[in-house]
Amino acid sequence: MEIAIVGTGYVGLVTGTCLASAGNTVTCVDIDARRIEELKRGVIPIYEPGLADLTRNNVDANRLRFTTNYADAVPGADICFIAVGTPQGDDGSADLQYVLEAARTLAGHMTDFLIVIDKSTVPVGTARMVEDTIRNLTHHEVAVISNPEFLKEGAAVSDFETPNRVVVGYDANGAHGDRVRNTMVELYRPFVGDDRPLVFMNRESAELTKYAANAMLATRISFINEIANLCERVGADIGDVSHGMGLDERIGPFFLRAGLGYGGSCFPKDVRAIMHAAAEAGCTFHIVDAVDRVNEIQKRRLADGVCRRFGSDLSNHTFAVWGLAFKPETDDMREAPSIVTIDRLLSAGATVQVHDPVATQNFMHVAERTWVPETRARIVYAPEPVNAAAGADALLLITEWNIFREPDWNELKQEMRAHVVFDGRNLYDRWKLEEMGFEYFGIGR
Ligand code: NAD
């Protein structure tokens, strides 16, 4: 099939690359000229395991192209995906300006019937709105589908290639219902099977499924973080508690790891968007509201612990920060707990020595937007994890990248000024560290 993808971010680029690998001809269009220029030169603008090689292979095989011009992508396409950002608006709602702009622009380049697939995470009713927008601008027939994306950053390629399920929301009774359904079956045939179903429903249900799934996952994270906080007060260990809970097959083991709360480009904004949408529909979402508040508190826990241990004036203190990305295997810094932690330490006068295997560049952009130059001067970028620890009063583990799993504690002991570890992801063996003379603070242990 001929496929156009609007937006070449984490979702659009992965979708385009994986669909090209399945034998389709894909043209990705983006308004970010620099990004497209890089992609044309073979430079992949995001870090996602396996993506770079796959993208280049498909480009070499002439199945994948990049452009800033919709006219190179939309005419002649059977399907056009919209995979642009839907950031949080000022009132917490999803900001649809990029989705609607993409819809208006692609409408102007249609030459025939087109199936438009909304892959961006959008509130209920958006598919209809996009369809109306396009119909007002072109005499060509269009069918707009909701096909939310469930991939996880850090495992995006494998999640796309072997999804738990593919959800398709379409208008079964519309003029093109059968055609749309058959096209979706053909498009996703390489990726679904008996244990990976292709699930059809109406568009509203598909749109809500995505928000409901993210709200549920965020709820599990905030829930286990609150249990962890209780563990600390009553002498229980969150590792044992979540293991014991997760063995119940009605509960399951996933998303029950206590830590520093969720971040990233999806959960925070999607939780707020579903709250906003519920309020607009006349429902109050008590649980999701609490989930959001718990998460904000949880992000501050490590810095709170540092201040309890070292005092609120940290001007003569240096801290090693391991991990900046909101989770391992990504360079995405959006809503990362590291920003909250580092902000608190810098505000208290501390110097921070940071290391992340891939997110440092993106963190630097965040730092430029967040702190004035005098404050930024107290951020030291360490080339290796051990360099971050040199002269530090404590080591803060924020993102559980594999390279941080088995450090040489004897070497760290020699490098550090004081032997204190704040383990924001419960990665380390507390007893071993205490035996070696480290002071250890985990989450819920
Ligand atoms: P992103 O910010 O990484 O990428 C969006 C891209 O769209 C950017 O490159 C931007 O330049 C481009 N763009 C914006 N307006 C455009 C226009 N009018 N025409 C062409 N290109 C345009 O975003 P993302 O993380 O890929 O997320 C995209 C959507 O998918 C969001 O709704 C998000 O909530 C959802 N989603 C994201 C993930 C994830 O893990 N990142 C997972 C599932 C769903």
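Residues numbered from 1 in each chain as written. Predicted model: local features only at pLDDT ≥ 70, side-chain atom pairs only at ≥ 80, totals over all residues. Heavy atoms only, no water.

K.L.:
Please set out the site of the ligand residue by residue, giving values where relevant.
P.N.:
Inspection of the region around the ligand gives 28 residues, with Asp 30, Tyr 70, Thr 86, Glu 153 and Lys 269 positioned closest. Between the ligand and Tyr 10, the relevant distance is 3.0 Å, taken from an oxygen atom to a main-chain nitrogen or oxygen of the residue. Contact distances for the ligand include 2.6 Å between an oxygen atom and a side-chain N or O atom of Asp 30. Contact with the protein chains covers 90% of the free accessible surface of the ligand, which is 830 Å². Sorting the residues of the shell around the ligand by element identifies helix H1 (10-21) and helix H4 (97-107) as the ones contributing at least two each. (Near = heavy atom within 4 Å. Polar contact = N/O pair within 3.5 Å; in protein donor to acceptor, adjacent residues only side chain to side chain. Areas by Shrake-Rupley, 256 points an atom, 1.4 Å probe, with all protein chains shown as cover. Helix = DSSP H or I, 4+ residues; strand = E, 2+ residues; numbered from the N terminus.)

K.L.:
Would you mind going over the sheet that holds strand E13 (residues 420-423) in detail, with residue names and values included?
P.N.:
Pairing in this open sheet of 6 strands is parallel, and the strands run E11-E10-E9-E12-E13-E14 from one edge to the other. The strands lining the two open edges of the sheet, one partner per strand, are strand E11 (379-381) and strand E14 (439-441). Recorded for the sheet is a direction-independent mean angle of 20° between the axes of neighbouring strands. Where strand E9 (residues 318-322) lies against strand E10 (residues 351-355), 5 bridges are found, and the strand directions are parallel. Of the residues in E10, the one forming a bridge with Val 321 is Val 354. Across the face of the sheet, helix H12 (residues 301-310) comes into contact with E9, strand E12 (394-397), E13 and E14 while running at roughly 155° to E13. (Pairing = 2+ DSSP bridges. Axes fitted to C-alpha atoms, helices over the stretch in contact; angles between N-to-C directions. Contact = heavy atoms within 4.5 Å.)

K.L.:
Help me get a handle on the packing of H1 against helix H3 (residues 51-60), residues and values and all.
P.N.:
One way to put it is that H1 packs onto H3 with a least axis distance of 9 Å and a crossing angle of 55°. The orientation of H1 with respect to H3, classified from their angle, is oblique. The chirality of how H1 crosses H3 is left-handed. In contact with Leu 13, Val 14, Thr 17, Ala 20 and Ser 21 of H1, H3 contributes Leu 51, Leu 54, Thr 55 and Asn 58. Of the residues belonging to the contact of H1 with H3, the class tally is 5 nonpolar, 4 polar and no charged. (Parallel < 35°, antiparallel > 145°, perpendicular 65-115°, else oblique. Left-handed = near helix turned anticlockwise from the far one by under 90°. Nonpolar A, V, L, I, M, F, W, Y, C, P; charged D, E, K, R; others polar.)

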